[in-house]
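Descriptive structure summary
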Amino acid sequence: MKTLITLFKIVHKYILYLLTRLSRNLYWLLRLSQSSIGKNVSINFPVIIEGYGKLIIGNSVLIKKRASFGISKGGKVIINNNSRIYENVNIHAGKDVTIAIGEQCSILKESTLRNGNNVTLENYSSISSYCNIFPREPGFDGCFILGEKSNVGDYTTIDTSSDVIIGKEVAIGPSSIIYTHDHDYKSNTFAAWKGGVKLGKVIIEDGSWVGARVTILPGVTIGKRAIVAAGSIVTRDVTPGDIVGGVPARSLLKNKL
């Protein structure tokens, strides 16, 4: 008898779980029906759509299963023609924010793109798998721009507490880190990481190549066609055409542009 009662409780909980899951899936389908959808769009269900903003999908777009869109009131996520959003990608636009994904762009599986300021992925740009692009300091939101034909490598972390502007045909190697904020750690009255926030935007100009496992600190500009060797920590500006490496990164060879 005790076993039957326990079984009944488990079955009851499972039925409630199934009903809850069904209701969420129906809600996501309703939100999808309220979206603007182009021709020849391929969607692998389920696709998660939360919030009161607008999802706009262009022609011949592919969205794979469990891609998640959180779009706050007044926000928009625009996916232009022939772009690809892969499994378990999480895209979230804050209030009155537009995330615009250009034509023939791709965001590969398990990546997160979340911001409270406008985001632009220009045509033919791509974000690889397991990337995390969002503000790492609550209450601060910079813009994020990924230029035409640029790529962010797997497992890369980009902090958008301040602006991150990446130019055209830029390659960022896997497992790199870009930070746009720091803390005032000089006072002894609080933990070092709880000091006042200090912001510094990061700019990576056209044609630059950032190697694997590079760390770029706040306020750095990397000039056109510069190269940063793998494993480097960049603490200051890199002039156009320069090749830098090391910890901290220093000039190794200057190319004439």
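Scroll up to find the structure this text is about.
Since the structure is predicted, the reported quantities are computational estimates derived from the model, not experimental observations.

1. Remarks on a nonpolar patch on the surface
On the surface, V11, I15, L16, L19, L22, L26, L29 and F45 cluster together to form a nonpolar patch covering roughly 740 Å² of accessible area. With respect to the helices, strands and loops of the structure, V11 is situated in helix α1 (residues 2-33).

2. Regarding the sheet that holds strand β29 (residues 233-234)
If you trace the 9 strands from one edge of the open sheet to the other, you get β3-β6-β9-β12-β15-β18-β21-β26-β29, paired in parallel fashion. A single partner strand is all that each edge strand has here, and the edge strands are β3 (48-50) and β29. Two elements, strand β9 (residues 90-93) and strand β12 (residues 112-115), share 4 bridges in a ladder whose sense is parallel. When the sheet's bridge partners are listed, I91 is paired in β12 with L113.

3. A word on the environment of I166
Secondary-structure assignment places I166 in strand β19 (residues 164-166). Judged by relative accessible area, I166 falls into the buried class, the value being 2%. Separated by 15 residues in the primary sequence, I166 and N151 place their C-alpha atoms 9.6 Å from one another. In this view, I166 contacts F144, I145, L146, G147, S150, I158, I172 and I204; residues no more than four positions away in its chain are not counted.

4. Quick word on the sheet that holds strand β11 (residues 106-107)
Taken in spatial order, the 11 strands of this open sheet run β2-β5-β8-β11-β14-β17-β20-β25-β28-β30-β31, and their pairing is mixed. Because the sheet does not close on itself, it has two edges, and the strands there are β2 (42-43) and β31 (250-254). Looking at chain direction, strand β8 (residues 84-85) and β11 are connected through 2 bridges and run parallel. If you follow R84 over to β11, its bridge partner there is S106.

5. Overview of the pattern of salt bridges
Using the criterion set out here, one finds 1 salt bridge in the structure. The shortest N-O distance in the salt bridge between R24 and E50 comes to 2.7 Å. In this pair, R24 is assigned in helix α1 and E50 in strand β3, connecting sequence segments 26 residues apart. Using a relative accessible area of 33% as the deciding quantity, one classes R24 as partly exposed. On the accessibility criterion, E50 (27% relative accessible area) is partly exposed.

6. Things to note about the pairing of β9
Burial along β9 is one-sided: I91 and A93 are buried, and none of N90 and H92, which face the opposite way, are. Here 4 bridges tie strand β6 (residues 68-71) to β9, and the two strands are oriented parallel to one another. In the strand pairing of β9, F69 is matched with I91.

7. Considering the pairing of β31
In this sheet, β31 lies alongside strand β30 (residues 242-245) in antiparallel orientation, the contact comprising 4 bridges. Within the sheet, the bridge partner assigned to I243 lies in β31 and is L253.

8. Some details on the state of the cysteines
Applying the stated criterion to the full structure yields 0 disulfides. With no disulfide partner, C143 has as its closest neighbouring cysteine sulfur the one in C105, 16 Å distant. On the accessibility criterion, C143 (17% relative accessible area) is buried.

9. Some thoughts on the side chain of T215
Residue placement: T215 occurs in strand β26 (residues 215-216). Residue T215 is classed as buried on the basis of its relative accessible area, which comes to 19%. Residue contacts for T215: discarding those within four places in its chain leaves I177, S232, I233 and V234.

10. Topic: the side chain of E137
Within the element layout of this structure, E137 appears in the loop between β15 (132-134) and β16 (144-146). Buried charged residue E137 carries no salt bridge. Nearest counter-charge: R136, at 8.6 Å.

11. Digging into unusual backbone geometry
Cis rather than trans, the peptide bond between F45 and P46 has omega equal to 0°. Structurally, P46 can be placed in the loop between β2 and β3. Cis geometry marks the peptide bond from V247 to P248; its omega dihedral reads -5°. Counting through the fold element by element, P248 comes out in the loop between β30 and β31. We note that E169 has phi near 50°; this positive angle belongs to a residue other than glycine. Within the fold, E169 resides in the loop between β19 and β20 (171-172). You will see that S175, though not glycine, has its phi angle at about 60°, which is positive. Accessibility expressed as a relative area gives 24% for S175, which makes it partly exposed.

Here is what the cut-offs are and how they apply
Residues numbered from 1 in each chain as written. Predicted model: local features only at pLDDT ≥ 70, side-chain atom pairs only at ≥ 80, totals over all residues. Heavy atoms only, no water. Patch = residues over 30% accessible without salt bridge, like charges linked within 9 Å, V, L, I, M, F, W, Y side chains within 5 Å. Areas by Shrake-Rupley, 256 points an atom, 1.4 Å probe, with all protein chains shown as cover. Salt bridge = Lys/Arg side-chain N within 4 Å of Asp/Glu carboxyl O. Helix = DSSP H or I, 4+ residues; strand = E, 2+ residues; numbered from the N terminus. Pairing = 2+ DSSP bridges. Buried < 20%, exposed > 50% of the residue type's maximum accessible area, 1.4 Å probe, protein only. Contact = heavy atoms within 4.5 Å. Disulfide = S-S within 2.5 Å. Lys, Arg positive; Asp, Glu negative; His and termini not counted.

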